[in-house]
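An overview of the molecular structure
Okay, here's what each chain looks like letter by letter:
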Amino acid sequence: MSEQPEEAARRRRPESAELEAAHSLTLGRYEQQERRRERRERRLERQESSEQETPTRGDLVKGKATLADIVEQLQEKEASPGHPAGPSLPQPRELPPGRLPNGLEPPERTPRPDRPRARDRPKPRRRPRPREGGEGGGSRRSRSAPAQGGSAPAPPPPPSHTVQHEGFLLRKRELDANRKSSNRSWVSLYCVLSKGELGFYKDSKGPASGSTHGGEPLLNLHKATSEVASDYKKKKHVFKLQTQDGSEFLLQAKDEEEMSGWMEALTSSVAEHAEIARWSQTLPTTSSTDEGNPKLREAGERRASGRRK
């Protein structure tokens, strides 16, 4: 008979041990719930503070905050019912809500006076935006206004005649204004190409005195053409020059190199004439440029008067 109380005591010991384990497990789960609740409240406070406060440069460094969030998510996942747990433990008895296994009520949560809420914290001061133009300030320049100290780019200068060439050539006059010339003999003349015009002189001193051969006017090379006179067989190194008014000349150089130099100079001068003509056509008749330049204003007035006539 003495063995029965001992066996009953042995049976009670495992039951009491299981009950204590269940109570401790319930207490641990309650503490975990409390921690999770505190973490949720802290997370809500951080969200409210991030919505109400302007993020500073230091708040953008999220290394520690991100790591803390990851740890909290892992702890919540481990404490969730669907997460696989270790060895099964006996289920505790159902307790009334708001009570611990030992029958005591959970301690009330007291607010922390040393940690104010996010809405009560002072907002960080924003740094004033630096003004343009240095520390001294000054009026802000609009984007459309030109930079101070810089001037508008100067307009390109008008094209002009730059080609110059001179030397002795043999000349034969073939046509005068589309008519056969009366004097078609060869004569040695000093030829000068300057400012888009070609002048014929008796010698090299003629350009200084201004007296041309026979008082001939200078040839304007506007729309003139030059080419090798391949159809003329009596002399070598002969090239042909035709002007806009229908005059035609045969010119002979002493060698091939001299002939090429003259033809190149004549072609360049004709090209300069064309460029100047294009520039004068695109130039507006009334503009600020004309008002500031008397020569251009006079040229515009002459063109306007010619149109009215």
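Basis of the calculations
- Residues numbered from 1 in each chain as written.
- Predicted model: local features only at pLDDT ≥ 70, side-chain atom pairs only at ≥ 80, totals over all residues.
- Heavy atoms only, no water.
- Core = buried A, V, L, I, M, F, W, Y, C linked by side-chain atoms within 4.5 Å.
- Buried < 20%, exposed > 50% of the residue type's maximum accessible area, 1.4 Å probe, protein only.
- Helix = DSSP H or I, 4+ residues; strand = E, 2+ residues; numbered from the N terminus.
- Contact = heavy atoms within 4.5 Å.
- pLDDT = per-residue confidence, 0-100.
- Phe/Tyr/Trp six-rings, centres within 6.5 Å; stacked < 30°, edge-to-face > 60°.
- Lys NZ or Arg CZ within 6 Å of the ring centre and 35° of its normal.
- Expected span 1.5 Å × (residues − 1).
- Pairing = 2+ DSSP bridges.
- Salt bridge = Lys/Arg side-chain N within 4 Å of Asp/Glu carboxyl O.

Naming follows an unreviewed UniProt entry, where the protein appears as Spectrin beta chain, non-erythrocytic 4-like of Echinops telfairi.

Let's talk about the nonpolar core
A general trend in soluble globular proteins is that nonpolar side chains are found buried together. L193, L198 and F239 are the most contacted members of the largest nonpolar core, which has 20 residues in total. Ranked by residue count, the leading element in this core is helix α4 (residues 256-282), at five residues. Discounting chain neighbours no more than four positions away, the residues touching F239 are L169, E227, V228, A229, F249, L250, L251, M259, W262, M263 and L266.

With respect to the confidence of the model for the protein
When pLDDT is averaged across the protein, the result is 75; 61% of the residues are at 70 or more. Contacts for the low-pLDDT stretch residues 85-90, under 50 throughout, to residues beyond four places or in other chains number three contacts. Across residues 286-292, where pLDDT falls below 50, the model places seven contacts with residues more than four positions away in sequence or in other chains.

Describing unusual backbone geometry
For A177, which is not glycine, the phi dihedral falls at a positive 55°. Relative to the helices and strands, A177 is located in the loop between β1 (164-176) and β2 (179-180). Of note, K223 is a non-glycine position whose phi angle comes to about 60°, a positive value. Relative to the elements of secondary structure, K223 occurs in the loop between β5 (219-220) and β6 (225-228). What makes K223 exposed here is its relative accessible area of 58%.

A look at the packing of aromatic side chains
Both the distance between ring centres and the angle between the ring planes are used here to describe each pair of aromatic rings. Scanning the model with the defined rule gives three aromatic pairs in all. Aromatic side chains F168 and Y190 sit 4.9 Å apart centroid to centroid with 70° between the ring planes, which places their arrangement in the edge-to-face category. Linking F168 in strand β1 with Y190 in strand β3 (residues 187-194), this pair joins segments that are 22 residues apart in sequence. A centroid spacing of 5.7 Å and a plane angle of 35° characterise the contact between F200 and F249, whose relative ring orientation is tilted. A residue pair is termed long-range when its members are at least 10 positions apart, and F200 in strand β4 (residues 197-201) and F249 in strand β8 (residues 248-252) qualify at 49 residues. Accessibility assignment for this pair places F200 and F249 in one class, buried. Directly above the aromatic system of F200 lies the positively charged group of R171, at a separation of 4.6 Å from the ring centroid. Above the ring of W186, the side-chain terminus of K235 is found at 5.4 Å from the ring centroid.

Things to note about α4
Taking 1.5 Å of rise per residue, the 27 residues of α4 would be expected to cover 39 Å, and the 40 Å separating its terminal C-alpha atoms lies within 8% of that figure. The complete set of buried residues in α4 reads M259, W262, M263, A265, L266, S269, E272 and H273. Elements that come into contact with the buried residues of α4 comprise β1, β3, β4, β5, β6 and β7 (238-242).

Thoughts on the pairing of β8
The buried count for β8 comes to five of five residues, which makes it a mostly enclosed element. Where burial is concerned, the two faces of β8 agree: the one with E248, L250 and Q252 and the one with F249 and L251 are both buried. Here β1 pairs with β8 via five bridges, running antiparallel. Directly across from R171, in β8, lies its bridge partner L251. Between the end of β7 and the start of β8, which pair antiparallel, lie five residues, with G246 showing a positive phi angle near 95°.

What about the environment of S268?
Inspection of the secondary structure puts S268 in helix α4. As for S268 and T162, which are separated by 106 residues in sequence, their C-alpha atoms are 9.1 Å apart.

Here we look at the pattern of salt bridges
Enumeration according to the criterion identifies nine salt bridges in this entry. Among the salt bridges present, the one from R37 reaches E34, with a minimum N-O distance of 3.2 Å. Taken as a pair, R37 and E34 lie in helix α1 (residues 3-52) at a separation of three residues, close to a single helical turn. Judged by its relative accessible area of 14%, E34 falls in the buried class. R173 serves as the salt-bridge partner of D176, at 2.2 Å between the closest nitrogen and oxygen. Sharing partners across several salt bridges, the network here consists of R171, R173, D176 and E216.

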